[in-house]
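Letter by letter, the chains look like this.
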Amino acid sequence: EEGESIIDILPDRTISIEDQIIQREIAQFLRECIQTRMKGRRREIFELYLKGYIAVEIAKELDVKPPFVSREIKEGCRDLRRWLTQRGFD
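Described below are features of the structure shown in this document. (Residues numbered from 1 in each chain as written. Predicted model: local features only at pLDDT ≥ 70, side-chain atom pairs only at ≥ 80, totals over all residues. Heavy atoms only, no water.)

A word on helix 2 (residues 17-36). For helix 2, built from 20 residues, the straight-helix expectation of 28 Å at 1.5 Å per residue is met to within 8% by its first-to-last C-alpha distance of 28 Å. Among the residues of helix 2, Gln 20, Phe 29, Cys 33 and Ile 34 are the ones counted as buried. In the core, the buried residues of helix 2 are packed alongside helix 3 (40-49) and helix 5 (66-87). (Helix = DSSP H or I, 4+ residues; strand = E, 2+ residues; numbered from the N terminus. Expected span 1.5 Å × (residues − 1). Buried < 20%, exposed > 50% of the residue type's maximum accessible area, 1.4 Å probe, protein only. Contact = heavy atoms within 4.5 Å.)

Here it is as structure tokens:
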């Protein structure tokens, strides 16, 4: 875990500083959207999804069916794209 935090703070020299700042702003905005705009199961699903879990693993963890998780991820991604667009991130 210590190595992961070091890697996270190293600059990515393949993109500009401005783009790095925008990426951080987008990531923060998405986290805020998930925490404040998503409700119930969709929020739980996205919190696990963003940790790297796949639909089958999320379904098992939350004791729901995989198609439900897949549908929630699809609809949640659509919402996130819409919120990003409304915020001015194209």
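At their nearest, the axes of helix 4 (residues 55-62) and helix 5 sit 8 Å apart, and the two run at 115° to each other. Considering how the two elements wind past one another, helix 4 and helix 5 form a crossing that is right-handed. Between helix 4 and helix 5, the residues in contact are Ala 55, Ile 58 and Ala 59 and Pro 66, Val 69, Ser 70 and Ile 73, respectively. Counted by class, the contact of helix 4 with helix 5 contains six nonpolar, one polar and no charged residues. (Axes fitted to C-alpha atoms, helices over the stretch in contact; angles between N-to-C directions. Left-handed = near helix turned anticlockwise from the far one by under 90°. Nonpolar A, V, L, I, M, F, W, Y, C, P; charged D, E, K, R; others polar.)

Now for helix 5. With 22 residues, helix 5 ought to run about 32 Å at 1.5 Å a step, and its terminal C-alpha atoms sit 31 Å apart, in line with that. Looking at the packing, one finds that the buried side of helix 5 touches helix 2, helix 3 and helix 4. Two residues or fewer after helix 5 comes Gly 88, characterised by a positive phi angle close to 100°.

Of note in this structure, Asp 63 is not a glycine but carries a positive phi near 55°. Tracing the backbone through its elements, the reader meets Asp 63 in the loop between helix 4 and helix 5.

One pass over the structure, following the stated rule, counts two aromatic pairs. Residues Phe 29 and Phe 89 carry aromatic rings whose centres are separated by 6.1 Å and whose planes lie at 50° to one another, so their mutual orientation is tilted. Taken together, the residues span a long stretch of sequence, with Phe 29 in helix 2 and Phe 89 in the segment after helix 5 at a distance of 60 residues. Neither Phe 29 nor Phe 89 differs from the other in exposure class; each is buried. (Phe/Tyr/Trp six-rings, centres within 6.5 Å; stacked < 30°, edge-to-face > 60°.)

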